[in-house]
Amino acid sequence: MADKKLLLIDGNSVAFRAFYALYRQLESFKNPEGLHTNAIYAFKNMLDVLLKDVKPTHVLVAFDAGKVTFRNKMYDDYKGGRQKTPEELLEQLPYIQEMLHDLGIKTYELKNYEADDIIGTFVNLGEKADFKVTVVTGDRDLTQLTSNKTTVMVTKHGVSDLEAYTPEHMKKINGVTPTEFIDMKALMGDNSDNYPGVTKIGPKTASNLIQKYGSIENLYDHIDDMKKSKRKENLIKDKDKAFLAKKLATIDRNAPVTIGLKDVKCKPVDYKKLRQFYEQMNFRKFLGELNASGEGQDGAEVEKVKYTELDQSNAKKISVKENDTVSFYLGMLGDNYHLADFVGFALKINEQVYVSRDVSLLQENNLKHLLEDAEINKNVFDLKRTTVGLNRIDVHAHGLNYDMLLASYLINNENNSNDVGEVCHLYGDYSVKTDLEVYGKGKSEHVPSDDKVLYSHLASKVVAIEKLKPLLLKKLKEHEQDDLFENIEIPTARVLSTMEISGIKVEASTLIQLQNEFAVRLKELEDKIYQQAGERFNLNSPKQLGHILFDKLGLPPLKKTKTGYSTSVEVLNQLRNQSPIVGEILDYRQIAKIQSTYVKGLLDVIQPDGRVHTRYLQTLTATGRLSSVDPNLQNIPTRTDEGKQIRKAFVPTEKDGYILSCDYSQIELRVLSQISGDEHMQEAFNTGYDIHSHTAMKIFHLDSPKDVTSLMRRRAKTVNFGIVYGISDYGLSKRLNISRKQAKEFIAEYFTQYPQVKDYMDKAVQVARDKGYAETIMHRRRYLPDIHSKNHNVRAFAERTAINSPIQGSAADIIKIAMINMQKKLDELHLKTKMVIQVHDELIFDVPKDELETVKKIVPEVMQSAVKLDVPLVADTGWGHNWYDAK
DNA sequence: CCTCTCACG
DNA sequence: ACGTACGTGAGAGGG
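Residues numbered from 1 in each chain as written. Chains lettered and ligands numbered in written order. Predicted model: local features only at pLDDT ≥ 70, side-chain atom pairs only at ≥ 80, totals over all residues. Heavy atoms only, no water.

Student: Give me the sheet that holds strand β21 (residues 834–838): which residues, what numbers.
Tutor: Pairing is antiparallel across the open sheet formed by four strands, whose spatial order is β21-β22-β18-β23. Looking at which strands have only one partner, the edges of the open sheet turn out to be β21 and β23 (875–880). Across this sheet, the average inter-strand angle for adjacent strands is 20°, counted without regard to direction. Of the pairings in the sheet, the one linking strand β18 (residues 658–664) to β23 comprises six bridges and is antiparallel in character. Bridge pairing in β23 links C662 to T877. (Pairing = 2+ DSSP bridges. Helix = DSSP H or I, 4+ residues; strand = E, 2+ residues; numbered from the N terminus. Axes fitted to C-alpha atoms, helices over the stretch in contact; angles between N-to-C directions.)

So this is what it looks like as structure tokens:
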């Protein structure tokens, strides 16, 4: 039988990895009895992944029986000096075994033998019985068991990331076969198991020697042929050690196990015991999964949501009274709600839940009114998605005053999700399945045909939105985020709905003209490049390009990536003067990028109304900025002349109208001057100096702005940006192409001139350490658990983030306020002008001709007065008949 | 599906 | 001794 699959797990090793994967949460993973549960939890998570991927018919989890094994007889100090397993992990091991038994999985240990040997023995048994075998461990030693029938999976980071060792992969990593790997270890020894190999031989040399000789036996047979060398002496001196090490490293494949393959066949899960176990461990997630599947209920009925299906006649009878509690959920299949198919809806009024697949029922007068009346408060999940979706059936939603998605994003944006089910799970409610579970994904994504399945799903969502509302509101209050929620995020979502619905007009004809021009230039460049390369190749493939440049043409490879030569702009720029091909490749790259991403990309997303409708993701970024997708309108080229041409296709709705753009000047530095309270920097902004020249004067000790050269200003500008990002001398030196020493001096000088900026940076890091998060002026949070990391790089990154997030995030808060005020102003003045794009510090408007005078005045006014700071906010305005001319 | 490269603030 | 500025999205290649 070909589908016999044996999964062998190294219990101790995996438990060890599981324990450290959730080490940071060690203290939060405790059951009421005080037992730590992090390793048990992570073990189960990992097991689920394995069972799903491998789909084994037989499973065995092997454990070490005790400290002393047959290997200690050979070598006293085997595994000596090894750190003791932490008590917090030891106490969990029996429970992991108990859980495995409840899951119908066999565990086994054997006196005098390690788990490795049990696994080796079962690999042997399994292969003989024609099983496909998978071994899972955190220990690379076991990779010696790899064969064409056996794959060894080794945990990489945490537990869910596994590296699969096949004989081919072994060869690639170590240069040797699985069997030869044992001989390799014989020469190099094993530090973690505390036995030595041959002096001065590490992995590289060991691999080379074994590749040459095949085994240590053969090596020592030919040792006399070896040239005289220190290495040869060492090999001779340590011969005994090598042979001992080989014995120690060899996994026993014939251990005297007392069980066989038939004993490790998967048994049915004992749901009743498993449920009790999860309850004892306080595993709400796994209990929730049991609830969702209805298993192990022990007679108790799963609490099913009751609902009424709506149709043409009973839908008309629905009405709401004052003070009724209303929640609404609109189901659509897929992310892009501008186009996605409707799945149905659920409406909850007090304790009644109504559902239907037919969204046209919402166009009935009573239901339409219910959704459109601003006086009727409605709870939803994803206000913007709901508003845009309803707009497609001509229902113009108002009164969506509570959005669970926005609330959960503000409370913790670390593991936020756009799925109702997933968000509910974060708050311990497992009554809602995820859309992934119900609809599937990729090719098999579909709406369930069974009404019961679909309606229960939709109904469970509205119920949960409402049920969890008090909890989320409480958390917002605790975080002092109620104002941020009510007065910034919710109104921003409404403004964004309007912007997304209106979209922006993009002229296909302009793009097609560009497409033709670029096609000609690309062809010319291609021809020149191929001619110099002496062959045709795929210019878009970094791999092939690297081969041509560095292997064939012999240019010096300055930088490598994980997979080969780097061919990035940074590298190519340094090679420019070595060959004309380099400059041509750079030109080709630039134009090809514009052609594929922008010209073609935009043409593909122009809708029948002649406009593109992006989606702004309001709950994605870690800092509070928006992001834009389908298409991304926040990265339309501006830095090169060819790229800029794209902006000519973005035009006003009315032929003689204008595109008006208004952007904040140095908003992040102004925010920095505000939150640091630095007097010198504030003074610069208050007197209206050019901030980069001002910084240049300060760090170069000049008396007059006249003495600032353009080079000095440019350098000062880079320093200013660097400060905002949490500068390092190395980073600055690289960007300015100066020595590290000099960069260090610039930074030091900067800090003496702006001392409170330095104080801010130190304080920001300290606050993040104390509180565990960084915060903006408006109390937007970003959690930074890595601030306590033992890894220097990880920690340093968190520290820079702690400095940058309040700055970037506060600027994001400010422009959101400006957008809300701006939309309000446009509405009040009954202007036809539409706000169409936001690019982080810039707002773009579609302005009819006769409104230009008004709009060009009010836009900067509104933006500059969004918040009151100790320094002025400045916004610069430009306009023209397309986006290109609006600068 | 991941990596590389490159577009933006 | 370490490896290095913050935040994003998209297209193309290649396994």
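What follows picks up the thread again.
Student: Explain the packing of helix α7 (residues 167–174) against helix α8 (residues 178–188) to me, using residue names and the numbers behind them.
Tutor: For the pair α7 and α8, interaxial distance at closest approach is 9 Å and the crossing angle is 35°. Where α7 abuts α8, its residues P167, M170 and N174 lie against P178, F181 and M184. Tallied by class, the residues present in the contact of α7 with α8 amount to five nonpolar, one polar and no charged. (Contact = heavy atoms within 4.5 Å. Nonpolar A, V, L, I, M, F, W, Y, C, P; charged D, E, K, R; others polar.)

Student: Tell me what's going on with a nonpolar patch on the surface, and back it up with residues and numbers.
Tutor: Together, F16, Y20 and Y23 make up a nonpolar patch on the protein surface, roughly 290 Å² of accessible area in all. Taking relative accessible area as the criterion, Y20 reaches 40% and is therefore assigned partly exposed. (Patch = residues over 30% accessible without salt bridge, like charges linked within 9 Å, V, L, I, M, F, W, Y side chains within 5 Å. Areas by Shrake-Rupley, 256 points an atom, 1.4 Å probe, with all protein chains shown as cover. Salt bridge = Lys/Arg side-chain N within 4 Å of Asp/Glu carboxyl O. Buried < 20%, exposed > 50% of the residue type's maximum accessible area, 1.4 Å probe, protein only.)

Student: Tell me what's going on with the pairing of strand β8 (residues 326–333), and back it up with residues and numbers.
Tutor: Regular strands place their side chains on alternate faces of the sheet. The element β8 is largely enclosed, with a buried count of eight among its eight residues. Across eight bridges, the pairing between β8 and strand β9 (residues 341–349) is antiparallel. Residue pairing for β9: L333 is matched across the bridge by D341. Pairing analysis gives two bridges linking β8 to strand β11 (residues 378–380), with the strands arranged parallel. Across the sheet, residue V326 finds its bridge partner in β11, namely K378.

Student: Describe the protein's contact with DNA strand C, with residues and values.
Tutor: Near DNA strand C you find 35 residues, and of these S541, G722, R735, R782 and F797 are the closest. Close to the protein, within 4 Å, the atoms of DNA strand C are drawn from sugar and phosphate at a rate of 61%. A distance of 2.6 Å is found between a base nitrogen of DNA strand C and a side-chain nitrogen or oxygen belonging to R735. The contact in question runs from a base oxygen of DNA strand C to an N or O atom on the side chain of H792, over 3.0 Å. Of all the secondary-structure elements, those providing two or more residues to the surface near DNA strand C are α24 (542–552), α26 (580–605), β16 (627–629), α31 (710–725), α32 (729–736) and α35 (792–828). Considering each element in turn, the surface near DNA strand C owes the most residues, seven residues, to α35. For the surface near DNA strand C, the class distribution of residues is eight nonpolar, 19 polar and eight charged. (Near = heavy atom within 4 Å. Polar contact = N/O pair within 3.5 Å; in protein donor to acceptor, adjacent residues only side chain to side chain.)

Student: Please give an account of the nonpolar core that cites residues and values.
Tutor: Counting 185 residues, the largest nonpolar core has L362, I646, F650, Y664 and I837 as its most contacted members. Looking at this core, the element that brings in the most residues is α35, giving 13 residues. Ignoring sequence-local partners within four residues, the contact set of F650 consists of I504, K505, V506, L602, L633, I636, I659, I837, N882 and W883. Among the nonpolar cores identified, the runner-up in size contains 51 residues, and L142, Y165, V176 and V257 belong to it. (Core = buried A, V, L, I, M, F, W, Y, C linked by side-chain atoms within 4.5 Å.)

Student: How would you sum up helix α5 (residues 93–102)? Please name residues and give values.
Tutor: Looking at α5, one finds that the buried residues are L93, I96, Q97, M99, L100 and D102. Packing partners of the buried residues in α5 comprise α1 (11–21), α2 (38–54), β2 (58–63), α4 (87–90), β3 (106–109) and α13 (271–281). Taken from the residues just after α5, G104 is the one with a positive phi, measuring 80°.

Student: Before we move on, can you summarise the protein's contact with DNA strand B with the specific residues and values?
Tutor: Neighbouring DNA strand B are 23 residues; V569, R589, T638, R639 and D841 lie closest to it. Within 4 Å of the protein, the atoms of DNA strand B are drawn from sugar and phosphate moieties in a proportion of 75%. Taking T567, its main chain carries an N or O atom lying 2.8 Å from a phosphate oxygen of DNA strand B. The contact in question runs from a sugar or linking oxygen of DNA strand B to an N or O atom on the side chain of D841, over 2.4 Å. Among the elements that make up the surface near DNA strand B, the one with the highest residue count is α26 (four residues).

Student: Explain the UniProt feature "domain: DNA-directed DNA polymerase family A palm" (unreviewed entry) in chain A to me, and be specific about the residues and the numbers.
Tutor: The feature "domain: DNA-directed DNA polymerase family A palm" (unreviewed entry), as annotated in UniProt, sits at residues 643–851 in this numbering. For residues 643–851, helix accounts for 58% and strand for 12%, while the C-alpha atoms at its two ends are 29 Å apart. (UniProt positions renumbered as here; feature names shortened; annotations may be inferred.)

Student: An account of the pattern of salt bridges is requested, with residue identities and associated values reported.
Tutor: For the structure shown, the criterion picks out 43 salt bridges. One salt bridge in this structure joins D238 and K241, with 3.7 Å as the shortest N-O distance. What makes D238 buried here is its relative accessible area of 2%. The class for K241 is partly exposed, based on a relative accessible area of 39%. The residue D429 makes a salt bridge to K467 at a minimum N-O spacing of 3.2 Å. Separated by 38 residues along the polypeptide, D429 in the loop between α19 (420–426) and α20 (435–439) and K467 in helix α21 (residues 451–478) bring together distant segments of the chain. Judged by its relative accessible area of 7%, D429 is buried.

Student: Residue-level account of α31, with values.
Tutor: Helix length check: α31, at 16 residues, gives a terminal C-alpha distance of 23 Å against a target of 22 Å (1.5 Å per residue), a fit within 8%. Buried within α31 we find R715, A716, V719, N720, G722, I723 and V724. One or two steps after α31, the chain reaches G726, where phi turns positive at roughly 85°. (Expected span 1.5 Å × (residues − 1).)

Student: Tell me what's going on with the packing of aromatic side chains, and back it up with residues and numbers.
Tutor: Tallying each qualifying case throughout the model produces 19 aromatic pairs. Each ring, one from Y220 and one from F243, has its centre 5.6 Å from the other, and the planes form 45°; the classification is tilted. Here F243 lies in helix α12 (residues 239–249) and Y220 lies in helix α10 (residues 216–221), a separation of 23 residues in the sequence. Arranged with centres 6.3 Å apart and planes meeting at 55°, the rings of F277 and Y278 form a pair that is tilted. (Phe/Tyr/Trp six-rings, centres within 6.5 Å; stacked < 30°, edge-to-face > 60°.)

Student: Give me the lowdown on the domain arrangement of chain A, citing residues and values where you can.
Tutor: Domain boundaries assigned for chain A yield domain 1 (1–165 + 256–286), domain 2 (168–250), domain 3 (308–498), domain 4 (506–612 + 621–646), domain 5 (652–670 + 775–887) and domain 6 (679–753). On a C-alpha basis, the centres of domain 1 and domain 3 stand 42 Å from each other. (Domains from an automatic or database assignment.)

Student: Explain the pairing of strand β5 (residues 150–155) to me, using residue names and the numbers behind them.
Tutor: Here β5 lies mainly inside the structure; five of its six residues are buried. Relative to β5, strand β4 (residues 132–137) runs parallel, the two being bridged by five bridges. Along β5, the bridge assignment pairs V136 with M153.

Student: Please set out the sheet that holds β2 residue by residue, giving values where relevant.
Tutor: What the six strands build is an open sheet, ordered β3-β2-β1-β4-β5-β6; its pairing is mixed. Edge strands, defined here as strands with exactly one partner in the open sheet, are β3 and β6 (162–165). Put simply, the sheet's adjacent strands are angled 20° from each other on average, direction ignored. Both β5 and β6 contribute to a ladder of four bridges, which runs antiparallel. From the neighbouring strand, T155 faces β6, where its bridge partner is L162.

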